[in-house]
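Next come the chains, spelled out residue by residue.
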Amino acid sequence: MRAKLLKNANLAVVKLGTGILTDNRNRLASGRIKQIVGQVERARRSGREVVLVSSGAVAAGMEVLGHRIRPSRLEELQACAAVGQSRLMAVYQELFSAFDVQTAQVLLTHADLQDHDRHLNARNTLMALLAGGVVPIVNENDAVSFTELTVGDNDKLAALVATLLPADLLVLLTTVEGLVRNYGKSNAKVVSSVKKIDGPTRKHAGGTQSNTSVGGMLSKLKAAEIVMRAGIPMIIGNGASRGVLSKMLAGEAVGTLFHPNESKLKGRKRWIAFFHHPEGRVIVDKGAKLALRERGMSLLAPGVVRCEGEFAAGDVIRICDTEGTEFARGITKYSLEQMNATTGKVVVHRDHLVVL
Ligand code: GLU
């Protein structure tokens, strides 16, 4: 299974975390970056396409501006990222030049990916770069946006980029071997594969959390949830271990493999499911939940118990059960105000609805 998934991974998104791009003095680890660039180039020569998602801008900027410790103020972090981003790109371009390969800087924000036109534009740009043999290097546009600066070290961004394309594989290279059971204890063991993210999986992740950089293992599990549902496999592995990417792509049992769901989501449904932060939600009864989940039906007004938050017609809303658990998302035909007068009508059509 693992070998087959990886053999067919023609388009891979590879994310490099800050920890792997820097040494223990918080400087760009150019030797290690060179090693990874070499593996990316080998993958490309064997016929695969690779999009890099790279952190490290803040760290590179800290080095240039002489900050020994990570600034705590957001604007200082953003200034570091702005300075460091060009430094980082210079390093990549120099390393890829050795293979006569061009790189492209693609800076994205979550808002870019949420807006449908900009979403499609970002995709078209990435596809055009790949078609031209260029290696796109994506980062969050930290100078204007701060989602990953505060929470994720690009794990979610990488999952969204993989989902947007869609890629056949997402690789997260970090400073630990993968998801580790009993981390730090004598019986510690890397979990080789995960089919479902459940309580025990999250517990292992908690153990690994403090020992990784900004994002930690929990943000990697959130990334896994997105791509697994989208139908894309993901591997977490140690970017410092020599040849790790080549080994992964060859199907060797390194790191932790997260298996994709069997049902792949189509483009528009991927956009509905993962690229929004819906403020409105509808609570639906048991019958409606069953109809949506088991029978793939539309959400009808009588199934709605109540509405919460703000939403307008055409917005993506959360669809939750009576316990408050979100189990689906979709585009509502009605605003919150219109909802009361819609007895019997389709509120969210099945074509615009995704069961999560
Ligand atoms: N996008 C950021 C970077 O490239 C994330 C990492 C961080 O917060 O330090 O540096």
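Our subject is the structure listed above.
Read on for a plain summary of the structure.

Conventions and cut-offs
Residues numbered from 1 in each chain as written. Predicted model: local features only at pLDDT ≥ 70, side-chain atom pairs only at ≥ 80, totals over all residues. Heavy atoms only, no water. Near = heavy atom within 4 Å. Polar contact = N/O pair within 3.5 Å; in protein donor to acceptor, adjacent residues only side chain to side chain. Areas by Shrake-Rupley, 256 points an atom, 1.4 Å probe, with all protein chains shown as cover. Nonpolar A, V, L, I, M, F, W, Y, C, P; charged D, E, K, R; others polar. Buried < 20%, exposed > 50% of the residue type's maximum accessible area, 1.4 Å probe, protein only. Helix = DSSP H or I, 4+ residues; strand = E, 2+ residues; numbered from the N terminus. Pairing = 2+ DSSP bridges. Contact = heavy atoms within 4.5 Å. Axes fitted to C-alpha atoms, helices over the stretch in contact; angles between N-to-C directions.

## Here's the deal with the site of the ligand
In the vicinity of the ligand, 12 residues are found, and the nearest of them are Ala57, Val58, Arg70, Asn139 and Asp142. For the ligand, an oxygen atom lies 3.2 Å from a polar atom in the backbone of glycine 56. Asparagine 139 places a polar side-chain atom, nitrogen or oxygen, 2.8 Å from an oxygen atom of the ligand. Burial of the ligand by the protein amounts to 100% of the accessible area it has alone, namely 290 Å². For the shell around the ligand, the class distribution of residues is 4 nonpolar, 5 polar and 3 charged.

## Overview of the pairing of strand β2 (residues 49-54)
Burial runs high along β2: 5 of the 6 residues are buried. As defined by bridge partners, β2 adjoins strand β4 (residues 135-140) across 2 bridges and the pair is classed as parallel. Across the sheet, the residue bridging to valine 53 is valine 138, located in β4.

## Focus on the sheet that holds strand β1 (residues 11-16)
Across the sheet, 8 strands lie side by side as β3-β4-β2-β1-β5-β9-β10-β8; this open sheet has mixed pairing. Each of the sheet's edge strands pairs with one partner strand only, and the pair in question is β3 (103-108) and β8 (193-194). The pairing of β8 with strand β10 (residues 256-258) spans 2 bridges and is classified as parallel. Looking at β10, one finds that valine 194 is bridged to phenylalanine 258. Packed onto the sheet, helix α3 (residues 30-45) meets β1, β2, β4 and β5 (169-174) and runs at close to 155 degrees relative to β2. Against the sheet, helix α5 (residues 74-97) engages β1, β2, β3 and β4, with an angle of about 150 degrees to β3.

## With respect to the environment of valine 304
Inspection of the secondary structure puts valine 304 in strand β13 (residues 304-308). A relative accessible area of 17% means that valine 304 is categorised as buried. Linking valine 304 and methionine 339, residues 35 residues apart in sequence, is a C-alpha distance of 9.2 Å. Not counting residues up to four positions away in its chain, the partners in contact with valine 304 are Val282, Ile283, Val284 and Leu299.

## Focus on unusual backbone geometry
Here the amide bond leading from leucine 165 into proline 166 is cis, since omega sits at -10 degrees, within 30 degrees of zero. As for its placement among the helices and strands, proline 166 is situated in the loop between α9 (155-164) and β5. Positive phi, normally seen in glycine, also occurs at asparagine 26, with a value near 65 degrees. Turning to its location among the elements, asparagine 26 is positioned in the loop between α2 (18-21) and α3.

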